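# What the coordinates show
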Amino acid sequence: MLKDIIFEEQPYLANVYPGDTREIGIIFCIDKAEVEYFNLGVNPIFRETYILGNVNVKEKGYYITESCIRMAEEDI
C-alpha cells in the first residue's frame, strides 16, 4: 500500500500521525502548478513565480496602449 511506503520512507510522520490517525491522511499528487510567492516584508517587495511540471507561466501586469494615453489626455 502506498501509504505504508510513504511512512517507511518518512519516519517522522509517525509523530505527526500516531497510531490509527495515519488513516485520515489523504495522499495526492500535484504534477502541474504555478505558484506565485510574495514577500511583503522586504523592500522592494519580492515576487517570484515557480512552476511545477509542464506549465506555461502567464505574463502578469498591464499594458499601456495609445488608446489609454489618448483617454488620459482627454481627461486633462
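In case you missed it, the structure is sitting above this.
Now for a quick tour of the structure. The shown structure was predicted, so the numbers you read here are calculated from the model rather than taken from an experiment.

Across its full length, the protein carries three helices and two strands. For the protein, the N- to C-terminal ordering of α and β elements is α-α-β-β-α. Taken over 76 residues, the protein has a buried fraction of 5%. Sequence separation of 24 or more characterises 10% of the internal contacts of the protein that already satisfy a separation of 6 or more. Here the protein displays about 7300 Å² of accessible surface, and carbon together with sulfur accounts for 58% of that area.

To continue, consider the pattern of salt bridges. When charged atoms on two side chains of opposite charge get close, those side chains can pair. Applying the stated criterion across every chain, the model contains three salt bridges. Note that Arg 22 and Asp 4 form a salt bridge whose closest N and O atoms lie 3.7 Å from each other. Separated by 18 residues along the polypeptide, Arg 22 in the loop between α2 (13–16) and β1 (33–39) and Asp 4 in helix α1 (residues 2–9) bring together distant segments of the chain. The exposure class assigned to Asp 4 is partly exposed, which follows from its relative accessible area of 33%. With a shortest N-O distance of 3.0 Å, Glu 36 and Arg 47 are connected by a salt bridge. Placement of Glu 36 in strand β1 and of Arg 47 in strand β2 (residues 46–52) is noted, with a sequence separation of eleven residues between them. Residue Glu 36 is classed as partly exposed on the basis of its relative accessible area of 29%. Taking relative accessible area as the criterion, Arg 47 reaches 44% and is therefore assigned partly exposed.

Of note, the bond from Asn 43 into Pro 44 is cis; its omega dihedral lies within 30 degrees of zero at 0 degrees. Summarising the element assignment, Pro 44 is placed in the loop between β1 and β2.

For the rest of this paragraph, the subject is the pairing of β2. As paired elements, β1 and β2 share seven bridges and run antiparallel to each other. Following the sheet pairing, Val 35 is matched in β2 by Tyr 50.

What follows deals with the packing of aromatic side chains. Counted by the stated rule, this structure contains two aromatic pairs. The ring of Phe 7 carries the charged tip of Arg 22 above its face, separated from the ring centre by 3.8 Å.

Calculation criteria
- Residues numbered from 1 in each chain as written.
- Predicted model: local features only at pLDDT ≥ 70, side-chain atom pairs only at ≥ 80, totals over all residues.
- Heavy atoms only, no water.
- Helix = DSSP H or I, 4+ residues; strand = E, 2+ residues; numbered from the N terminus.
- Buried < 20%, exposed > 50% of the residue type's maximum accessible area, 1.4 Å probe, protein only.
- Contact = heavy atoms within 4.5 Å.
- Areas by Shrake-Rupley, 256 points an atom, 1.4 Å probe, with all protein chains shown as cover.
- Salt bridge = Lys/Arg side-chain N within 4 Å of Asp/Glu carboxyl O.
- Pairing = 2+ DSSP bridges.
- Phe/Tyr/Trp six-rings, centres within 6.5 Å; stacked < 30°, edge-to-face > 60°.
- Lys NZ or Arg CZ within 6 Å of the ring centre and 35° of its normal.

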